[in-house]
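Residues per chain, in single letters:
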Amino acid sequence: MTSRLRQSAAGVREIYLDASRGDRRAREPARLAGERGVRVMQVDGARLDGMTQHARHQGVAARVETAGPARDLDTVLDGLNEPALLLILDGVTDPHNLGACLRVADAMGVHAVIAPKDRAAGINATVAKVASGAAETVASIAVTNLARAMRELKERGIWLIGADQDADHDLYSVKLEGPLAWVLGAEGDGMRRLTRENCDELARIPMLGTVESLNVSVSAGICLAETRRQRQSSRNRSVTAGEDAP
């Protein structure tokens, strides 16, 4: 809740605090809400339990607007002033994993997270809590047909790279500087066959230890961080070349 109040307090209508809590963790949301003109209500623990359907609320809940960022992919892509960077998730059904992926996506400047409507986690209270504010800053787009959506991205010049541990090349040998989308499946099952077939390229994350697989959000973080590193290196080279030109 503190992350939401810091990043997007405009959508928070009021917060509810457990009246029996007086520790710093409870006082901080109240302080931020007061600074941002958000109404604060002291309630008992039983009411909080009912409001959150007995989810782990840690003594605080809120009533918020759910408008969030753009949910239309064309709107997102048409508004970009840099090469697109997208994250496609296939078969990620755990809301904790989806929330963690949104958090990573926000940190790495991903323009949209795309997932199928069916057999996938949707945005809910658990996702929003794990995302720590990223559910309100990253466009999360659910599509009816993932394979078709991937083909439409190709038509817009976006290169699709699937993370696959059986790939011949690792991500450090793949060029990641243009418009692209990383495609990841859930840990264990990976991408579905049709999803894999619609990728332009496959790349694996080098595994130097004894574990055989990584959580999808960890894999996403590694792939996206390498993409940002390569893009920054490319910009630095361009600047240097411009300075050296006669």
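Look a little higher up for the structure.
Please read all numbers here as calculations on a predicted model, not as lab measurements. Counting starts from 1 at the beginning of each chain's written sequence and moves along it residue by residue. In keeping with the model being predicted, local features are shown solely for residues with a pLDDT of at least 70 and side-chain atom pairs are shown and tallied solely at 80 or more, while totals for entire chains, interfaces and linings include all residues. Processing note: side-chain calculations cover all non-hydrogen atoms of the structure and skip hydrogens and water entirely.

Novice: Break down the overall build of the chain for me, with residues and values.
Specialist: What the chain contains, in helices and strands, is nine helices and nine strands. Type-normalised accessible area, obtained with a 1.4 Å probe on protein chains alone, sets the label of each residue: buried when under 20%, exposed when over 50%, and partly exposed for intermediate values. Each of the 246 residues in the chain was classed as buried or not, and the buried ones make up 39%. Residue contacts are counted whenever heavy atoms from the two residues lie within 4.5 Å of one another. Within the chain, residue pairs in contact and separated by at least 24 positions form 80% of the contacts whose partners lie at least 6 positions apart. Residue burial considers only the protein chains on display, and all accessible areas are found by Shrake-Rupley using a 1.4 Å probe. Surface accessibility of the chain: about 13200 Å² in total, with carbon and sulfur atoms responsible for 48%. Strands here mean DSSP runs of E at least two residues long; helices mean DSSP runs of H or I at least four residues long; both are numbered from the N terminus.

Novice: Tell me about the layout of surface pockets, and name the residues and values.
Specialist: Each pocket or cavity is described by its volume, and for the second largest pocket that value is around 400 Å³. Residues are sorted three ways: Asp, Glu, Lys and Arg are charged, Ala, Val, Leu, Ile, Met, Phe, Trp, Tyr, Cys and Pro are nonpolar, and all the rest, Gly among them, are polar. Of the residues in the lining of the second largest pocket, the class split is nine nonpolar, seven polar and six charged. Lining residues are those with an atom within 4 Å of a point, where the points come from a 1 Å grid over the protein atoms alone and group into cavities, where a 1.4 Å probe fits but cannot get out, or pockets, open sets with protein on both sides within 12 Å along at least five of seven lines. Grid points are joined across faces, edges and corners, and a volume is the space filled by probe spheres set on the points.

Novice: An account of the nonpolar core is requested, with residue identities and associated values reported.
Specialist: In this text, buried Ala, Val, Leu, Ile, Met, Phe, Trp, Tyr and Cys residues form a nonpolar core when linked through side-chain atoms within 4.5 Å. L87, L89, L102, V113 and W182 are the most contacted members of the largest nonpolar core, which totals 30 residues. Secondary-structure elements contributing two or more residues to this core are β4 (85-90), α5 (95-107), β5 (112-116), α6 (125-131), β8 (180-185) and α9 (216-244). Residue contacts for W182: discarding those within four places in its chain leaves L86, L87, I88, I161, G162, A163, L171, L176, A203, C223, L224 and T227. One finds I114, L160, A181 and V183 within the second-largest nonpolar core, a separate group that totals 21 residues.

Novice: Explain the pairing of β4 to me, using residue names and the numbers behind them.
Specialist: Across the six residues of β4, six count as buried, placing the element largely inside the fold. Here β4 shows no split at all, with L85, L87 and L89 on one side and L86, I88 and D90 on the other all buried. Sheet analysis places β4 next to β8, joined by six bridges and oriented parallel. By the bridge assignment, L87 is partnered in β8 with W182. We call a crossover right-handed when, viewed with both strands directed away from the observer, the connection leading from the first strand over the helix to the second proceeds clockwise. Each parallel crossover has a hand, and the one from β4 via α5 to β5 is right-handed. When DSSP finds two or more bridges between a pair of strands, those strands are recorded as paired.

Novice: Summarise the pairing of β5; cite the residues concerned and give the values.
Specialist: Extensive coverage of β5 is indicated by the burial of five of its five residues. Along β5, one buried face is formed by A112, I114 and P116 and the opposite face, lined by V113 and A115, is buried too. Looking at chain direction, β4 and β5 are connected through three bridges and run parallel. Note that in β5 the partner of L87 across the bridge is V113. Summarising the sheet, β5 and strand β6 (residues 139-143) pair through five bridges and their orientation is parallel. Across the sheet, P116 pairs through a bridge with V143, a residue of β6. Between the parallel elements β5 and β6, the chain passes through α6 in a crossover that is right-handed.

Novice: Quick one: what's the story with the side chain of S219, residue by residue and with numbers?
Specialist: Take S219: it is sitting in helix α9. Classification of S219 by relative accessible area gives buried; the value is 11%. Once residues lying within four places of it in the same chain are set aside, the contact partners of S219 are L184, I205 and L214.

Novice: Please provide a residue-by-residue account of helix α7 (residues 146-155), values included.
Specialist: For α7, the full list of buried residues reads L146, A147, A149, M150 and L153. For α7, the arc enclosing every buried residue in end-on projection is 160°, short of the 170-degree limit, so these residues lie on one face. Pairs of N or O atoms within 3.5 Å make up the polar contacts considered here, provided that, within protein, one atom can donate a hydrogen while the other can accept it, and that residues adjacent in sequence are counted only when both atoms are side-chain atoms. Measuring from the side-chain oxygen of the N-cap residue of α7 to the backbone nitrogen of A147 gives 3.2 Å; that N-cap residue is N145. The positive-phi residue at the C-terminal boundary of α7 is G157, with phi of around 80°. The arc in question is the one traced by the directions running from the helix axis out to the C-beta atoms.

Coordinates in, geometry out; function isn't part of it.
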